[in-house]
Amino acid sequence: MQKKLDSRDPKSHLKKPGGVYVIYILLTLLLFLFVWYRNDSIPQEITWNYFVENMLVPRDVDKLVVINGQKVNVYIKPVKLSDPKYAEQAKSRPKNMVIPLYNFSIGSVEVFYDQLREAEQNVPIADRVPVTYVTERNWGWNVILWVLPFLLIVFIWSRLLRSTSSGMQSLNSNLFKFGQSPARVTEIGTQSKTTFDQVAGMEEAKEEIYEIVKFLKNPSFYTRLGAKIPKGILLVGPPGTGKTLLAKAVAGEAGVPFFSLSGSEFIEMFVGVGAARMRDLFAKAKAKAPSIVFIDEIDTIGRMRGKAYSLQSNDERDSTLNQLLAELDGFDTSSGVIVLAATNRGDILDSALLRPGRFDRHIHLELPNINERKAIFLVHLKPLTIGTDVNVDQLAYQTPGFSGADIANICNEAALIAARSEKEAVEQEDFFNAIDRVVGGLEKKSKVITPAEKRRIAFHESGHVITGWFLPHATPALKVSIIPRGKSLGAAWYIPEEHQIVTREEFLDTICMALGGRAAEELVFGDLSSNALDDLEKATKQAYGMVVYYGLSNALGPISFYDSTGHGDQNLVKPYSEKTAEIIDHEVRSLIDDAYVKAKEILNNHRHQLNELAELLIKKEVVHQDEIRKVANHLPANLKTDYVSQCRSI
Ligand code: ADP
Ligand code: ZN
């Protein structure tokens with residue numbers, strides 16, 4: 001069973017510090033004072049008319065005090081207090097104190113004064129009731145307003161002091177646990193623990209990491225011969241390739257607690273928090289040893305502290321990194337804590353982190369190949385109810401470049417799509433829709449497109465497909481659509497060859513195919529449009545990469561300006577001369593120009609097919625591979641015929 005534990009010690013809330021109680025008591029007292037002050041029955045509220053009739057006219061009034069221009073306090077002459085009409089109020093008055101027994105509200109001081117003088121018209125001036133004006137504050141509020149901020153400051157201060165000074169003891173603080181690591185702990189459990197069965201593919205990585213599991217289960221087997229197990233293991237690979245999954249599986253297989261924290265969680269607003277969190281994380285892990293600490297996105301703290309970064313140095317990151325190094329050095333392997341870290345940029349990590357005794361073992365995870373994708377599909381298909389027509393081989397074939405996370409996402413998306421249409425089981429079609437959706441985004445059928453635009457888009461997409469179809473090294477399209485999807489207005493689907501090396505010819509044909517859209521527009525409509533932005537960007541980048549990185553241009557020769565340290569972006573000075581820059585510009589331009597000429601040439605030669613495909617596309621909006629083949633009347637070199645018939649259904 002997986003259990004998310006609050007990092008607090010469950011008993012800690014029982015021993016609340018005494019200071020808090022004092023504050024509670026003080027606050028309650030203050031509140032009491034305030035309420036009592038407000039609720040007293042003296043003076044009694046009366047009306048102006050009552051006042052005039054019963055007090056002013058009988059000449060019982062000693063004086064009037066106007067408070068804050070809003071209330072008038074009425075003082076009765078002491079000699080008149082024995083009068084029965086005052087007896088009640090006089091009784092409740094504290095002994096011999098001169099206090100107002102009555103009061104009434106007034107709208108404005110001027111009106112009150114005029115009314116009073118009117119009521120006293122016939123009274124000699126010397127005998128008129130004296131009126132004084134006082135500005136008074138409500139003491140209850142005053143006290144609270146003054147004292148509360150102080151109390152708050154003292155309260156916060158005391159909590160802060162506690163949480164920074166006394167290390168582990170401070171963990172009982174709930175509100176101010178900046179310095180504490182919010183590490184999530186997966187407790188040893190039986191039911192839902194991750195195992196190696198849930199990790200498909202990556203056999204090499206699993207094998208390598210299995211040694212860690214064996215060590216965690218039985219450390220003495222290794223230590224009896226004096227062998228040292230690596231403390232830190234770095235998992236390097238693109239996002240979604242299952243790094244977290246693998247680390248969890250190790251913990252699950254070994255049955256040890258798993259502490260995970262993401263690199264970005266160390267770097268926060270407050271200075272010094274990162275290092276404190278790191279310390280705390282390791283303290284917790286050691287307390288529960290044997291255990292696994294997993295730091296995701298370690299590159300956010302472990303970036304090289306190189307020269308190029310000195311302009312934007314980040315002290316917080318440095319101190320966090322130093323703390324991590326100190327922690328790694330601070331325990332010996334027999335303590336049973338093993339640190340796994342994940343990153344997708346292994347090349348930019350600080351070399352101090354990669355030294356022996358730290359993260360000295362690296363496991364590279366790659367995007368899964370077709371067989372691994374099949375295995376991953378099988379893992380994620382297990383919980384679904386799938387129809388009989390689902391062909392896992394075909395799914396694996398149609399998802400090149402997809403990560404494990406993408407595949408998990410597709411499976412879930414397909415189940416959602418099937419559920420929406422109230423099917424009994426998830427069918428192959430739902431998987432294809434899910435793939436299209438993950439690749440291209442949501443279909444936007446409501447996007448307003450004029451017939452003229454639709455025509456242009458159809459020819460543009462057909463241009464891509466036809467050029468690609470007749471180029472020997474390009475990938476033939478799997479299908480082409482002019483239904484707007486995500487940001488794009490039309491798209492052609494390809495399944496790139498899965499190989500590690502791209503030849504010069506393949507580069508050139510890819511660029512040519514990318515320019516096929518614009519070439520078709522120019523050929524058919526005689527003018528150009530903004531529709532080719534993505535294509536041009538892609539083609540330019542490819543050409544630039546060929547010249548500058550891969551050394552594939554004749555004029556520049558086998559030279560590469562690629563910088564694997566990842567610092568290239570920070571460099572203000574280009575690593576080549578002005579003259580070389582000119583050659584690069586020239587080479588890129590001529591590659592693109594040549595490719596564009598070639599694309600136009602192909603389309604000119606196959607104008608008939610281009611027109612036919614575009615018309616078909618306007619009519620049907622989606623055209624599949626076998627129909628393209630029929631229209632083109634040609635079999636491309638790279639077409640995989642064994643899947644053609646199956647691909648019909650997408
Ligand atoms: P990373 O940490 O490398 O970014 P994750 O481990 O978080 O990737 O993977 C995300 C999800 O993708 C996992 O929870 C799992 O469902 C799925 N996944 C990734 N790789 C695999 C794999 N090899 N086998 C099965 N599922 C995988
Ligand atoms: Zn295009």
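Note that the structure is predicted; figures quoted are calculated from it, not measured.

Parameters and conventions
Residues numbered from 1 in each chain as written. Chains lettered and ligands numbered in written order. Predicted model: local features only at pLDDT ≥ 70, side-chain atom pairs only at ≥ 80, totals over all residues. Heavy atoms only, no water. Helix = DSSP H or I, 4+ residues; strand = E, 2+ residues; numbered from the N terminus. Contact = heavy atoms within 4.5 Å. Areas by Shrake-Rupley, 256 points an atom, 1.4 Å probe, with all protein chains shown as cover. Pairing = 2+ DSSP bridges. Axes fitted to C-alpha atoms, helices over the stretch in contact; angles between N-to-C directions. Donors = N, O, S within 2.8 Å, 3.2 Å for Na, K, Ca; no water. Buried < 20%, exposed > 50% of the residue type's maximum accessible area, 1.4 Å probe, protein only. Near = heavy atom within 4 Å. Polar contact = N/O pair within 3.5 Å; in protein donor to acceptor, adjacent residues only side chain to side chain. Nonpolar A, V, L, I, M, F, W, Y, C, P; charged D, E, K, R; others polar. Phe/Tyr/Trp six-rings, centres within 6.5 Å; stacked < 30°, edge-to-face > 60°. Lys NZ or Arg CZ within 6 Å of the ring centre and 35° of its normal. Expected span 1.5 Å × (residues − 1).

What about the overall build of the protein chain?
Thinking step 1. Across its full length, the protein chain holds 23 helices and 14 strands.
Thinking step 2. Taking all contacts inside the protein chain whose residues are at least 6 apart in sequence as the whole, residues at least 24 apart take part in 75%.
Thinking step 3. Accessible area of the protein chain: about 35,300 Å², with a carbon and sulfur share of 55%.

Observations regarding the sheet that holds strand 14 (residues 622-624)
Strand-to-strand pairing in sheets goes through backbone hydrogen bonds, with the strands running parallel or antiparallel.
Thinking step 1. Judged by pairing direction, the sheet is antiparallel, and its three strands sit side by side in the order 13-12-14 without closing on themselves. Lying at the two open borders of the sheet, with one neighbouring strand each, are strand 13 (491-494) and strand 14. Pairs of neighbouring strands in the sheet enclose a mean axial angle of 15°, with direction left out of account.
Thinking step 2. Sheet topology note: the strand 12 (residues 477-481)/strand 13 ladder contains four bridges and is antiparallel. Bridge pairing in strand 13 places Ser-481 opposite Ala-491.

Here we look at the coordination of the zinc ion (ligand 2)
Thinking step 1. For the zinc ion (ligand 2), the full set of protein donor atoms is His-460 (NE2), His-464 (NE2), Asp-535 (OD) and Asp-535 (OD), and the range of their distances to it is 1.9 to 2.7 Å.
Thinking step 2. Read from N- to C-terminus, the donor residues coordinating the zinc ion (ligand 2) fall into the pattern H-x3-H-x70-D. On the criterion of sequence distance, the pair formed by His-460 in helix 17 (residues 451-470) and Asp-535 in helix 19 (residues 533-549) is long-range, its members being 75 residues apart. Just as His-460 is buried, Asp-535 falls in that class too.

Some words on the site of ligand 1
Thinking step 1. In the vicinity of ligand 1, 16 residues are found, and the nearest of them are Ala-200, Gly-240, Lys-243, Thr-244 and His-380.
Thinking step 2. One nitrogen or oxygen atom from the main chain of Gly-240 is found 2.9 Å from an oxygen atom belonging to ligand 1.
Thinking step 3. Contacts to ligand 1 include Ala-405, whose backbone N or O atom sits 3.3 Å from an oxygen atom.
Thinking step 4. For ligand 1, whose accessible area on its own is 560 Å², the fraction buried by protein is 78%.
Thinking step 5. Elements that contribute at least two residues to the shell around ligand 1 include exactly helix 8 (243-254), helix 13 (370-381) and helix 15 (404-420).
Thinking step 6. Residues belonging to the shell around ligand 1 are distributed by class as follows: eight nonpolar, seven polar and one charged.

Concerning the packing of aromatic side chains
Thinking step 1. What the rule picks out here adds up to 13 aromatic pairs.
Thinking step 2. Judged by centre distance (5.7 Å) and plane angle (90°), the rings of Phe-459 and Phe-525 are edge-to-face. Here the residue Phe-459 occupies a position in helix 17, and Phe-525 occupies one in helix 18 (residues 504-525), the gap between them amounting to 66 residues.
Thinking step 3. Three or more aromatic residues joined by ring pairs form one cluster here, namely Trp-48, Phe-51, Phe-104 and Phe-112.
Thinking step 4. Positioned above the aromatic ring of Tyr-75 is the side chain of Lys-63, whose terminal nitrogen or guanidinium carbon lies 4.5 Å from the ring centre.
Thinking step 5. Arg-456 extends its terminal NZ or CZ atom over the ring of Phe-525, reaching a point 4.8 Å from the ring centre.

A look at helix 12 (residues 315-330)
Thinking step 1. For helix 12, with 16 residues, the first-to-last C-alpha span of 22 Å sits near the 22 Å given by 1.5 Å per residue.
Thinking step 2. For helix 12, the full list of buried residues reads Glu-316, Arg-317, Thr-320, Leu-321, Gln-323, Leu-324, Leu-325, Glu-327 and Leu-328.
Thinking step 3. Where helix 12 is buried, its residues meet helix 9 (263-266), helix 10 (273-287), strand 9 (291-296), helix 11 (299-302) and strand 10 (337-343).

Re the pairing of strand 9
Thinking step 1. Most of strand 9 is tucked away: five of the six residues are buried.
Thinking step 2. Bridge analysis of strand 8 (residues 258-262) against strand 9 gives five bridges, and the strand direction is parallel. By the bridge assignment, Phe-259 is partnered in strand 9 with Val-293.
Thinking step 3. Bridging between strand 9 and strand 10 involves five bridges; their strand directions are parallel. Of the residues in strand 10, the one forming a bridge with Ile-292 is Ile-338.

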